[in-house]
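What follows is the residue order along each chain.
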Amino acid sequence: MSASKRDFEGDATPVPAVGFHAQIDGASLWDLVQMECLGRMHAVVEVTGEGGTGYLYFDGGRVVHASTARARGVAAALEILDWTHGTYRASDRAWPSGPPTIDMTHEGLLLHAAQRRDERGASNLVAFPGRGERGAELDANVELAIEDVELTEIEDAGEVEMRNPNIEDKPTPPAPIGRSESATDFPVMLRLSAAGAVIRNRGGTEELAEAAAYAHRLVQLTGELLGFEGFVALECVFTQGRCLVFDEGEGDVVVLKPRPDLDLQALRERLGL
Amino acid sequence: MTGPVTTLADLGATLGTLKDVSGIMGSFVFSGGGQLVAREIPPMFDDGALSEASGRLARLRDTFAAVGDALDVAVVRFRDHKLYLKILGDGMLCIVAEGAVNMPALRMAANLVGRRISPALASGVLPAMPVPAASAVPAPAPETPSGATSRPAGWLPPGGRRFRGRVVE
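Residues numbered from 1 in each chain as written. Chains lettered and ligands numbered in written order. Predicted model: local features only at pLDDT ≥ 70, side-chain atom pairs only at ≥ 80, totals over all residues.

### Things to note about the sheet that holds strand 2 (residues 36-40) of chain B
For step 1, the next point in the chain: Read across the open sheet, the 10 strands follow the order 7(A)-6(A)-10(A)-9(A)-8(A)-3(B)-4(B)-5(B)-1(B)-2(B); overall the sheet is antiparallel. Two strands close off the open sheet at either side, each with one partner strand: strand 7 (198-202) of chain A together with strand 2 of chain B. The average undirected angle you get between the axes of adjacent strands in this sheet is 10°.
For step 2, the next point in the chain: The pairing of strand 4 (residues 81-88) of chain B with strand 5 (residues 91-98) of chain B spans 8 bridges and is classified as antiparallel. The partner of lysine 86 of chain B across the bridge, within strand 5 of chain B, is leucine 93 of chain B.
For step 3, the next point in the chain: This element, helix 2 (residues 47-66) of chain B, spans strand 8 (231-238) of chain A together with strand 1 (24-31), strand 2, strand 3 (71-78), strand 4 and strand 5 of chain B of the sheet and lies at about 120° to strand 2 of chain B.
For step 4, the next point in the chain: Each of strand 1, strand 4 and strand 5 of chain B touches helix 3 (residues 103-123) of chain B; the most contacted strand, strand 4 of chain B, lies at about 40° to it. (Pairing = 2+ DSSP bridges. Helix = DSSP H or I, 4+ residues; strand = E, 2+ residues; numbered from the N terminus. Axes fitted to C-alpha atoms, helices over the stretch in contact; angles between N-to-C directions. Contact = placed C-beta atoms within 7 Å.)

### A short note on the environment of arginine 39 of chain B
For step 1, the next point in the chain: Of note, arginine 39 of chain B is situated in strand 2.
For step 2, the next point in the chain: In this structure arginine 39 of chain B touches Phe28 and Leu50 of chain B, once residues within four positions along its chain are discounted.

### Notes on the pairing of strand 8 of chain A
For step 1, the next point in the chain: Strand 8 of chain A sits mainly inside the fold: 6 of its 8 residues count as buried.
For step 2, the next point in the chain: Where strand 8 of chain A lies against strand 3 of chain B, 7 bridges are found, and the strand directions are antiparallel. By the bridge assignment for strand 3 of chain B, alanine 233 of chain A is matched with arginine 77 of chain B.
For step 3, the next point in the chain: Following strand 8 of chain A, the chain reverses through 3 residues before pairing antiparallel with strand 9 (residues 242-248) of chain A; glycine 241 of chain A in that reversal takes a positive phi of roughly 105°. (Buried ≥ 20, exposed ≤ 12 C-beta atoms within 10 Å, placed from the backbone.)

### Quick word on the interface of chain A and chain B
For step 1, the next point in the chain: Contact residues are listed per partner, giving 32 residues for chain A and 29 residues for chain B.
For step 2, the next point in the chain: Secondary-structure elements contributing two or more residues to the side of chain A that touches chain B are helix 6 (206-226) and strand 8 of chain A.
For step 3, the next point in the chain: Here the side of chain A that touches chain B gets 12 residues from one element, more than from any other, and that element is helix 6 of chain A.
For step 4, the next point in the chain: When grouped by side-chain class, the residues that make up the side of chain A that touches chain B number 21 nonpolar, 6 polar and 5 charged. (Nonpolar A, V, L, I, M, F, W, Y, C, P; charged D, E, K, R; others polar.)

### Observations regarding the confidence of the model for chain A
Caution applies to low-pLDDT regions: their predicted coordinates should not be interpreted in detail.
Residues and elements named next belong to chain A.
For step 1, the next point in the chain: Of all residues in chain A, 69% attain a pLDDT of 70 or more, and the chain-wide mean is 74.
For step 2, the next point in the chain: Looking at the elements of chain A, mean pLDDT is at its lowest for helix 4 (residues 132-145), recorded as 38, and at its highest for strand 8, recorded as 95.
For step 3, the next point in the chain: Note on residues 1-5: pLDDT under 50 across the span, and 13 contacts to partners over four residues away in sequence or across chains.
For step 4, the next point in the chain: Taken together, the stretch residues 122-169 has pLDDT below 50 and engages in 78 contacts with residues farther than four places along the chain or on a different chain. (pLDDT = per-residue confidence, 0-100.)

### Describing the confidence of the model for chain B
For step 1, the next point in the chain: Looking at chain B, pLDDT values average 80 and 75% of them are 70 or higher.
For step 2, the next point in the chain: Across the predicted assembly, pTM comes out at 0.55 and ipTM at 0.75.

### Topic: the nonpolar core
For step 1, the next point in the chain: Judged by nonpolar contacts, the single largest core of 75 residues is most densely connected at Ala212 and Val245 of chain A together with Ile95 of chain B.
For step 2, the next point in the chain: Element by element, the count of residues in this core is highest for helix 6 of chain A, at 10 residues.
For step 3, the next point in the chain: With near-sequence residues (within four places) excluded, valine 245 of chain A lies in contact with Ala212, Ala215, His216, Ala233, Leu234, Val253 and Val255 of chain A.
For step 4, the next point in the chain: Formed by 25 residues, the second largest nonpolar core is a distinct cluster that contains Trp30, Cys37, Val64 and Leu110 of chain A. (Core = buried A, V, L, I, M, F, W, Y, C linked by C-beta atoms within 7 Å.)

This is the structure we're talking about:
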């Protein structure tokens, strides 16, 4: 798409003299950022959303700078990427002097944005069973919160999984598991931090968390021994039941135990299993 | 070759049949205790690394067993590779493959190989491979001024561990 103006809510635009004019209603901002980066555009884009107006500066397949009324750099980019509706258009704003204020890939930036959204919705840290009244209270919260549990927690309709279409045969982060299917399809869902802390839990036990954390480490070390980098996922088939362990976000480990008859093929494909 | 495996040569040949599946790089078999029994995999994977990997994968099974889950099969996905682990009685078969390997074909091949080698693993007729010297004595001991070595076999520095048969601190 060579678009001098890209609206994600459908503004009328003048037709450029050369190239295609595009109007995309309902596109997500994250899609548009990905397209810009994959096209390796050198461009400034003005984004107007519910939080005001901000600018994203693209160069060489990255977002290298961002600014809003309140912030610059990564903070500004994350603020903009949090907006869910608005317009997105090319801007003739001057390129900033000085070095880039953002030094990460666009995938990393989008993952940060997804994580922020996740963390904002994750007010319920989880107690395991048997921790007294406070634990029971938290468990009750878990039951309420489980409706919000998604793997990548990109919740808004129309948003897309963060996937690089240039990498066809590499495993990609799993797509969100829908709200209705999460709880019923995966009776056990655990999310562990990189340090092993249980961030979320449904149906799991401390013992399972410990086992999964250790198993995760064992397979990572096995990979290192064999010269294989980049652990992605582990699927275990037991004589009774199955278990998936995979990395997500910045070091989180997700553990899922699906119901016995659940077809895991789609999830397997996304994890490269 | 369709009968049960009875010798190490048979075992090697049987493991070799796995390479009929495109993307399978090789395989190795180890006991429930993590001792390497046989290998049919390029030499770039040295015995020391495979022995250590065997120990860790055996512990993977033990880990889940400790929480009541009896492991049958495990698939580990790395960025460019896969490991397929199949429990065979008291032993385990580990298949090393490229990421894009045909998984249904791999599973079928693993099942066939598993059936053939399970009896031999269960009977214990297949001895464990000798622990490679590099693993048993991981680092050359520095000489003392008098010329005598000062470190015993198996010595590891504080906090050190072995990586691919070598000591890392």
